[in-house]
Amino acid sequence: MTVTKQRKKGMKYAILAAIMVACAVICRIMGKIDCHLIFFSLMRSLIYIGLYIGWGITVSRRVVHKAVLNCLVSVSCLTVFWFVVRTMKYFFVVEPVAARQLWYWYYLPMLFIPLLSVFVAMSLGQPENFRLPKWTALLYIPTALCLVLVLTNDWHQLVFSFPAGEVWTDGNNSYEPGYYIVVVWAITCALTAFIMMVFKCRLSHRKKYLPGIVILLSVVYVIIYASGAEWMQIIGGDITAALCLMFTLILESCIQCGLIQTNTGYEALFEIGTIKAQITDRDYLTQYASSNAMIISKGLMRAAENGKIKLDKNTLLGSSPISGGHVLWQEDISDIAALLERLAENRKTISENNYLERENYKTEKKINTIRERNRLYDLLQSQTARQIRLLNRLLTEYEEETDAHRRRSLLAKTAVIGVYIKRRGNLMLIGERTQVTDTAELSACLDESFAALELMGVACAADIPGKNKIYVEDAVRMYGFFETVMEAAIDDIRSVWIKGRICEDEVIFSMETETETELWELAGAADFCDSEDGVWHFTIRTEKAGKQL
């Protein structure tokens, strides 16, 4: 999906929402001038309820910041609740006491939507791991007290009072001091949220004017509504619909201007990326392509299934199957081709000049360097083939998963596997240079793996004394055993603890893992294995800068 297609899709949603609001306004006007008042009013309520349910669904799919997501979904639920209660009060309830109680419940969304907007405003422009300060929980206290004050009004009449001897309704009430306290608190929260949003709009790099425009239009609406203009009473006289629409538009504008982080735009990122690649379906119809990728025929795409093919002297085409299709990429081999050309030229004139011979040597050295890098890459790939397959499976599950919590868990697991592949490569490079390494290198490998495990909520600790020499193959054995245990118990591991002890000429590694997974099949890879109450104990013994016992 290109950037233009993305914008067209967003525009379609915006037009659909505008049409629904326009239809709701028309239903309000028709309800005032037509005898079918109930029909048009019910239709208007259903339109708004559908609009806010749809907005809540889109928010749950777009927003990645968990705290902001919870607030926005709560706002969506409160707007739907408001309209449901309002519709029941006017069209389904005739008993005065029940109707009055439904009227009191209006103040649940009237109080909590502004408060949630304050929380959202505080989170604007913050990183994904940002959490609201603990003191913000105190803001729930006055909000809840105001709501309780309204809901218990029939007992004390400190918010609304009613004339004696008449039926108590929202048509013959008078306002008491408690009402102004509730309204002032709601307005204070709303103004605080608006001011923070306007201030933080300056931090946005795109469409930063959107929240300001929506807030300005909201202020204009309030002024015109308060002036008692007759045409506004006809079009926008429903304060419930106006307030819900106002807050929703302001929050959506923050999403559109980038102040609220979303997980959209990956297609555009793929398109503008520097890698020359394209993704096709099973029939080799291109679905996504980077802007610098060459147009390739289906015949060449199919030919690449059996191995890389040469498109021209400077480009190789590679292919790999993925879920639902294929990914194809183009490798630039112009450097190697140029080196080979230079080598061919030097060979023709090597007998004429020693200088050309030295140049040939340099060229061959560069080619050998590239080949050595490829050899090391192939070696690492063969040694971590199982982890690479597991990583591909986790990434496939991540792409297909829709639950945000599960997706985060899958990302954490991929981080654990990715760290092992990286650190295994470091140990491999050390082993290419020398047979001996320091225990500090093994400790660094474990620390980085622990950092990834902690993303999954696993408690980790390690105590390995440094400045002790061991063979690289012993470090690989210990780190590989640790990774094998983590992969086996990755779904329910709760803690892992590793300690290294120096005992004369030996280095003894003790490992404890808390998990419900059965690990007896791994006992053969350790020198000692035991389990007690879900805690597994393993021991691996090595000699200082010597062979394993």
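Anything mentioned here points back to the structure above.
These numbers were taken from a predicted model, which means no experiment stands behind them. (Residues numbered from 1 in each chain as written. Predicted model: local features only at pLDDT ≥ 70, side-chain atom pairs only at ≥ 80, totals over all residues. Heavy atoms only, no water.)

### Quick look at the packing of helix α3 (residues 66-91) against helix α5 (residues 107-123)
Inference 1: Running from N to C, α3 and α5 cross one another at 160°; their axes reach a closest spacing of 9 Å. When the axes of α3 and α5 are compared, the pair comes out roughly antiparallel. Handedness of the α3/α5 crossing: left-handed. Along the contact surface, α3 presents V68, C71, L72, S74, V75, L78, T79, F81 and W82, while α5 presents L108, P109, M110, F112, I113, L116, F119, V120 and S123.
Inference 2: Looking at the contact of α3 with α5 residue by residue, the classes come out as 15 nonpolar, 3 polar and no charged. (Axes fitted to C-alpha atoms, helices over the stretch in contact; angles between N-to-C directions. Helix = DSSP H or I, 4+ residues; strand = E, 2+ residues; numbered from the N terminus. Parallel < 35°, antiparallel > 145°, perpendicular 65-115°, else oblique. Left-handed = near helix turned anticlockwise from the far one by under 90°. Contact = heavy atoms within 4.5 Å. Nonpolar A, V, L, I, M, F, W, Y, C, P; charged D, E, K, R; others polar.)

### A few points about the side chain of S161
Inference 1: With respect to the element layout, S161 can be found in strand β1 (residues 160-161).
Inference 2: Exposure remark for S161: the relative accessible area of 15% places this residue in the buried category.
Inference 3: At a separation of 2.6 Å, a polar atom in the side chain of S161 contacts the side chain of E176.
Inference 4: Here S161 is in contact with N172, N173, S174 and E176, once residues within four sequence places are set aside. (Buried < 20%, exposed > 50% of the residue type's maximum accessible area, 1.4 Å probe, protein only. Polar contact = N/O pair within 3.5 Å; in protein donor to acceptor, adjacent residues only side chain to side chain.)

### Points about the nonpolar core
Inference 1: Counting 58 residues, the largest nonpolar core has L72, Y107, F160 and I260 as its most contacted members.
Inference 2: When residues of this core are traced back to their parent elements, those giving at least two are α2 (37-62), α3, α4 (96-104), α5, α6 (140-151), α8 (177-200), α9 (209-227) and α11 (239-256).
Inference 3: Of all hydrophobic cores here, the second largest spans 35 residues; its members include F450, Y479, F482 and I498. (Core = buried A, V, L, I, M, F, W, Y, C linked by side-chain atoms within 4.5 Å.)

### Concerning the packing of aromatic side chains
Inference 1: Enumeration according to the criterion identifies 18 aromatic pairs in this entry.
Inference 2: Linked through ring pairs, W103, Y104, Y107, F160, Y175, Y179 and Y180 together constitute an aromatic cluster.
Inference 3: R407 extends its terminal NZ or CZ atom over the ring of Y398, reaching a point 4.1 Å from the ring centre. (Phe/Tyr/Trp six-rings, centres within 6.5 Å; stacked < 30°, edge-to-face > 60°. Lys NZ or Arg CZ within 6 Å of the ring centre and 35° of its normal.)

### Thoughts on the state of the cysteines
Such a bond, covalent and formed between the sulfur atoms of two cysteines, is termed a disulfide.
Inference 1: On inspection of all chains with the given rule, the structure shows 0 disulfides.
Inference 2: The thiol of C146 is not disulfide-bonded; the next cysteine sulfur, from C189, is found 8.6 Å away. (Disulfide = S-S within 2.5 Å.)

### Structural notes on the sheet that holds strand β12 (residues 506-514)
Inference 1: The strand order across the open sheet built from 5 strands is β9-β11-β12-β14-β13, with neighbouring strands paired in mixed fashion. Both outer strands of the open sheet, β9 (459-463) and β13 (528-532), are each paired with one neighbouring strand and no more. The sheet shows a mean angle of 15° between the axes of neighbouring strands, direction not considered.
Inference 2: Two strands pair when backbone bridges link them, and β9 and strand β11 (residues 495-503) are joined in this way by 5 bridges, in the parallel orientation. Paired with C460 across the bridge in β11 is V496.
Inference 3: Strand contacts of helix α18 (residues 439-454): β9, β11 and β12, with the helix running at about 170° to β9, the strand carrying the most contacts. (Pairing = 2+ DSSP bridges.)

### Description of the sheet that holds strand β5 (residues 309-312)
Inference 1: The strand order across the open sheet built from 5 strands is β4-β3-β7-β6-β5, with neighbouring strands paired in antiparallel fashion. The open sheet has two edge strands, β4 (286-289) and β5, and neither has a second partner. Direction aside, the axes of adjacent strands within the sheet are offset by 25° on average.
Inference 2: Here strand β3 (residues 277-281) runs beside β4; their pairing, made up of 3 bridges, is antiparallel. Each residue of the ladder has a partner; that of Q278, found in β4, is A289.

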